[in-house]
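# Survey of secondary and tertiary structure
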Amino acid sequence: MDTKTTMQLQRVEKGGKPAIRLVVRNASAELRVLLDTLGILPVCDIANCREIICSTPAELDAARNPLLARVVGKADPNGIIELR
């Protein structure tokens, strides 16, 4: 079972307008505290998965930028980025 902590950005719509869904999977207890403060909240039907849907570039920057220091390497072909 792969339990690496990962982040992924996905294109979605919110209110009929383009948006970005930021998804974090398999976060440690320490990282979950940070995610809570960033508004990246648990998805109720998927264990250890958190998300936020950002409607503006500023919202995305506010959620994503604090996580960039934890990035390990580059995104894989599916756009999944490993976090420490």
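Reading the values: rules and limits
- Residues numbered from 1 in each chain as written.
- Predicted model: local features only at pLDDT ≥ 70, side-chain atom pairs only at ≥ 80, totals over all residues.
- Heavy atoms only, no water.
- Core = buried A, V, L, I, M, F, W, Y, C linked by side-chain atoms within 4.5 Å.
- Buried < 20%, exposed > 50% of the residue type's maximum accessible area, 1.4 Å probe, protein only.
- Helix = DSSP H or I, 4+ residues; strand = E, 2+ residues; numbered from the N terminus.
- Contact = heavy atoms within 4.5 Å.
- Disulfide = S-S within 2.5 Å.
- Salt bridge = Lys/Arg side-chain N within 4 Å of Asp/Glu carboxyl O.
- Pairing = 2+ DSSP bridges.
- Axes fitted to C-alpha atoms, helices over the stretch in contact; angles between N-to-C directions.

## What about the nonpolar core?
- Membership of the largest hydrophobic core comes to 15 residues, with the highest contact counts inside it found for Leu22, Val24, Leu31, Leu35, Ile40 and Leu67.
- Counting residues per element, the ones that place at least two in this core are strand E2 (17–25), helix H1 (29–38), strand E4 (49–54), helix H2 (57–64) and strand E6 (80–83).
- Here this core gets 3 residues from one element, more than from any other, and that element is H1.
- With sequence-adjacent residues up to four places away left out, Leu31 is seen in contact with Thr5, Val24, Leu67, Arg70 and Leu83.

## Quick look at the state of the cysteines
- If you walk through the whole model with that rule in mind, you get 0 disulfides.
- Note on Cys49: no disulfide assigned, nearest cysteine sulfur contributed by Cys44 at a separation of 10 Å.
- Residue Cys49 is classed as buried on the basis of its relative accessible area, which comes to 1%.

## Here's the deal with the pattern of salt bridges
- Per the stated rule, a full pass over the model turns up 4 salt bridges.
- One salt bridge connects Asp36 with Arg50, and the closest N-O pair in it is separated by 2.6 Å. Residue Asp36 is found in helix H1, and its partner Arg50 is found in strand E4; the two are separated by 14 residues along the sequence.
- Relative accessible area serves as the criterion here: at 41%, Asp36 is assigned to the partly exposed category.

## Topic: the sheet that holds E2
- Across the sheet, 6 strands lie side by side as E3-E4-E2-E1-E6-E5; this open sheet has antiparallel pairing. Pairing within the sheet leaves two strands with one partner each, and these edge strands are strand E3 (41–42) and strand E5 (71–72).
- Strand direction decides the pairing type here: E3 and E4, joined by 2 bridges, are antiparallel. From the neighbouring strand, Leu41 faces E4, where its bridge partner is Glu51.
- In the packing of H1 onto the sheet, contacts are made with strand E1 (5–14), E2, E3, E4 and E6, and the angle to E4 comes to roughly 25°.
- Sheet strands touched by H2: E1, E2 and E4. Its angle to E4, the strand with the most contacts, is close to 150°.

## Here's the deal with the environment of Leu60
- Topologically, Leu60 is positioned in helix H2.
- Sequence-wise, Leu60 and Ala19 are 41 residues apart; in three dimensions their C-alpha atoms are separated by 9.1 Å.
- Those residues in contact with Leu60, other than ones at most four positions away along the chain, are Leu9, Ile20, Leu22, Cys54 and Asn65.

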